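Reading the structure
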Amino acid sequence: MADWPAKIVELARLKERIATLDADGIFPYTLPAVAAPASRLEGFEERTGITLDEGHRSFLAAADGWPAFFETQDLLSLEQLSGGAHRDAFAGWIESAPPQAKAAGYSAATLLPIAVDLEMPLFAAMPVANGRVESRVLSLDPSGIIDDYASFEEYFDSTIAYTRQNLADFESGAYRL
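In short, a report on the structure. (Residues numbered from 1 in each chain as written. Predicted model: local features only at pLDDT ≥ 70, side-chain atom pairs only at ≥ 80, totals over all residues. Heavy atoms only, no water.)

For the rest of this paragraph, the subject is the nonpolar core. Counting 49 residues, the largest nonpolar core has Phe59, Phe90, Ile114, Phe152, Tyr155 and Phe156 as its most contacted members. For isoleucine 114, the contacting residues outside a window of four places in its chain are His56, Asp74, Leu75, Leu76, Leu81, Ala124, Ala125, Met126, Val137, Phe152 and Tyr155. (Core = buried A, V, L, I, M, F, W, Y, C linked by side-chain atoms within 4.5 Å. Buried < 20%, exposed > 50% of the residue type's maximum accessible area, 1.4 Å probe, protein only. Contact = heavy atoms within 4.5 Å.)

Below, the discussion takes up the pairing of strand 7 (residues 144-149). Direction of pairing for strand 6 (residues 137-141) relative to strand 7: antiparallel, over a ladder of five bridges. The residue of strand 7 that forms the bridge with leucine 138 is aspartate 148. (Pairing = 2+ DSSP bridges. Helix = DSSP H or I, 4+ residues; strand = E, 2+ residues; numbered from the N terminus.)

All right, on to the packing of aromatic side chains then. Each aromatic ring pair is characterised by the separation of its centres together with the angle its planes make. Under the defined criterion, the tally for this structure stands at 16 aromatic pairs. Seen in terms of ring centroids, tryptophan 4 and phenylalanine 156 are 5.2 Å apart; in terms of plane orientation they differ by 75°. Their pairing is edge-to-face. Separated by 152 residues along the polypeptide, tryptophan 4 in helix 1 (residues 4-21) and phenylalanine 156 in helix 6 (residues 152-172) bring together distant segments of the chain. There is no split in this pair, since tryptophan 4 and phenylalanine 156 are both buried. (Phe/Tyr/Trp six-rings, centres within 6.5 Å; stacked < 30°, edge-to-face > 60°.)

Tracing the sequence through the fold places leucine 111 in strand 3 (residues 111-117). For leucine 111, a relative accessible area of 2% corresponds to the buried category. For the pair leucine 111 and proline 127, spaced 16 residues apart in the sequence, the C-alpha separation amounts to 4.5 Å. Ignoring anything within four residues of it in the chain, the contact list for leucine 111 reads Phe90, Tyr106, Ala125, Met126, Pro127, Val128, Leu138 and Leu140.

In the contact formed by helix 1 and helix 6, the axes pass within 9 Å of each other and the chain directions differ by 20°. Considering their axes alone, helix 1 and helix 6 lie roughly parallel with respect to each other. When the axes of helix 1 and helix 6 are compared, the crossing they make is left-handed. In this structure, helix 1 uses Trp4, Lys7, Ile8, Glu10, Leu11, Leu14, Lys15, Arg17, Ile18 and Leu21 to contact helix 6, whose residues at the interface are Phe152, Glu153, Phe156, Asp157, Thr159, Ile160, Thr163, Arg164, Asn166, Leu167, Phe170 and Glu171. (Axes fitted to C-alpha atoms, helices over the stretch in contact; angles between N-to-C directions. Parallel < 35°, antiparallel > 145°, perpendicular 65-115°, else oblique. Left-handed = near helix turned anticlockwise from the far one by under 90°.)

Attention now moves to helix 5 (residues 85-96). Its twelve residues place the ends of helix 5 16 Å apart at the C-alpha level, agreeing with the 16 Å of an ideal helix rising 1.5 Å per residue. Among the residues of helix 5, His86, Phe90, Trp93 and Ile94 are the ones counted as buried. Seen end-on, helix 5 carries its buried residues on one side only, within an arc spanning 95°. What points out from helix 5, more than 90 degrees from its buried face, is the exposed set Asp88 and Ser96. Elements in contact with the buried residues of helix 5: strand 2 (73-75), helix 4 (78-82), strand 3, strand 4 (123-129) and strand 6. (Expected span 1.5 Å × (residues − 1). Arc of directions from axis to C-beta.)

A separate point is the pattern of salt bridges. All chains considered together, the criterion is met by seven salt bridges. Notably, a salt bridge pairs lysine 7 with glutamate 153, separated by 3.3 Å at the nearest N-O pair. Of the two residues, lysine 7 sits in helix 1 while glutamate 153 sits in helix 6, which places them 146 residues apart along the sequence. In this structure, the salt-bridge partner of glutamate 171 is arginine 17, at a minimum N-O distance of 3.2 Å. Taken together, the positions of glutamate 171 in helix 6 and arginine 17 in helix 1 put the pair 154 residues apart, joining distant regions of the chain. Put simply, Lys7, Glu153 and Asp157 are held in one network by salt bridges that share partners. (Salt bridge = Lys/Arg side-chain N within 4 Å of Asp/Glu carboxyl O.)

Right under this line is the structure:
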């Protein structure tokens, strides 16, 4: 199982370094929410009838979401997974998305959005079949599936790598308004 505290600290430190260089405030500097207790995780599963993937569930037990997790994309909390603006934005987008974005017949009913950018159509979602969330994470934009990760941990690790690249870009001066 993933060492979520170590991974969270690694990403937070990268984001903090970016914040010191981001004089124009391009990317918000945020920290994750506090851990979701087991009772809230169980309550979510009971209320929704959805069994979370163990990797994603273990992350939520360490941090219940993270606003501006990657650039302006929010990693959803249990409350946001249950409904609200983020779920509505995803459902509205996927149902009206061009055919290439509805790859493999996915819909709002067969995908659980886990990360949503309210400023642009960029999402991460996990397939749901028979009330169980699969381990895969799909990164989606209007062109369709742009990344397909085998697990939530792999998705998180890729976010660390992309954030590390953003830091290198800030250090090189690539992000200047």
